[in-house]
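Coordinates in review
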Amino acid sequence: MIVRVSEIPEEGLQIHAPADVAPVFTDEGWSLDRVGLRIERRSGEVMVTGNYRATVRLQCGRCLEGLTTHVGSDVDLRLLPSTGARHEEVELGPDDLELDFYQGDSLDVGGLLRSETFLALPMKPLCRPDCRGLCPACGGNRNVTACACAAGAADPRLAPLEALRRRL
């Protein structure tokens, strides 16, 4: 959904249905389940507040099995018009983390929700908290079958750390 900044009414724009945003995700198994956004224009700034919830299909970080999880968060963004000029390195302050830019007179709400969803994804998704992962020797899923592989030898580069652990 592309919103023209100049056409945002004085009272703001409300988005309450995922269908209003059009397809946000192209990945199979990803869907926008709920959205409640308010878009307001203040001078040249655009404020986007609200929340959303999405269903995403990921892979477990330990056993590589597919898993479906729900992500979502509150949205509180301030958007400024892009100047198009590249600047030197600038140190960001705490208030700059909720700052973004829009191009020309258009704001891509679907792209904004896509970015927010990517930021809300877990760093290491797990199919379950006690996932045992894959066997490093045979590659079998330890959650499905017990592995009879012998434990590998310790990495010789870690020998000094092992000696330190024994002393302490």
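Let me begin by describing the structure that accompanies this report. (Residues numbered from 1 in each chain as written. Predicted model: local features only at pLDDT ≥ 70, side-chain atom pairs only at ≥ 80, totals over all residues. Heavy atoms only, no water.)

**Considerations on the environment of Gln59**
Topologically, Gln59 is positioned in strand E4 (residues 45-59). With relative accessibility at 53%, the residue Gln59 sits in the exposed group. In sequence terms Gln59 and Ser31 are 28 residues apart; their C-alpha atoms lie 16 Å from each other. Leaving out residues up to four positions away in the same chain, Gln59 has contacts with Leu64, Glu65, Gly66, Leu67 and Pro125. (Helix = DSSP H or I, 4+ residues; strand = E, 2+ residues; numbered from the N terminus. Buried < 20%, exposed > 50% of the residue type's maximum accessible area, 1.4 Å probe, protein only. Contact = heavy atoms within 4.5 Å.)

**Describing the nonpolar core**
One finds Ile39, Val46, Val48, Leu107 and Leu113 to be the most contacted residues of the largest nonpolar core, which totals 31 residues. Elements represented by at least two residues in this core include exactly strand E3 (31-42), E4, strand E5 (66-81) and helix H2 (109-120). Among the elements that make up this core, the one with the highest residue count is E4 (six residues). The residues touching Ile39, leaving out its near neighbours within four places in the chain, are Val3, Ile8, Gly12, Leu13, Ile15, Val46, Met47, Val48, Leu107 and Val109. (Core = buried A, V, L, I, M, F, W, Y, C linked by side-chain atoms within 4.5 Å.)

**Side note on the pattern of salt bridges**
All told, the structure shown has nine salt bridges when counted by the stated rule. One salt bridge in this structure joins Glu40 and Arg38, with 3.3 Å as the shortest N-O distance. A salt bridge links Glu162 to Arg165, with the shortest nitrogen-to-oxygen separation between them at 2.7 Å. A residue pair is termed a helical-turn pair when its members lie 3 or 4 positions apart in one helix, as Glu162 and Arg165 do in helix H3 (residues 159-167) at three residues. For Glu162, a relative accessible area of 27% puts it in the partly exposed group. Three or more residues joined by partner-sharing salt bridges are found here, namely Arg38, Glu40 and Arg42. (Salt bridge = Lys/Arg side-chain N within 4 Å of Asp/Glu carboxyl O.)

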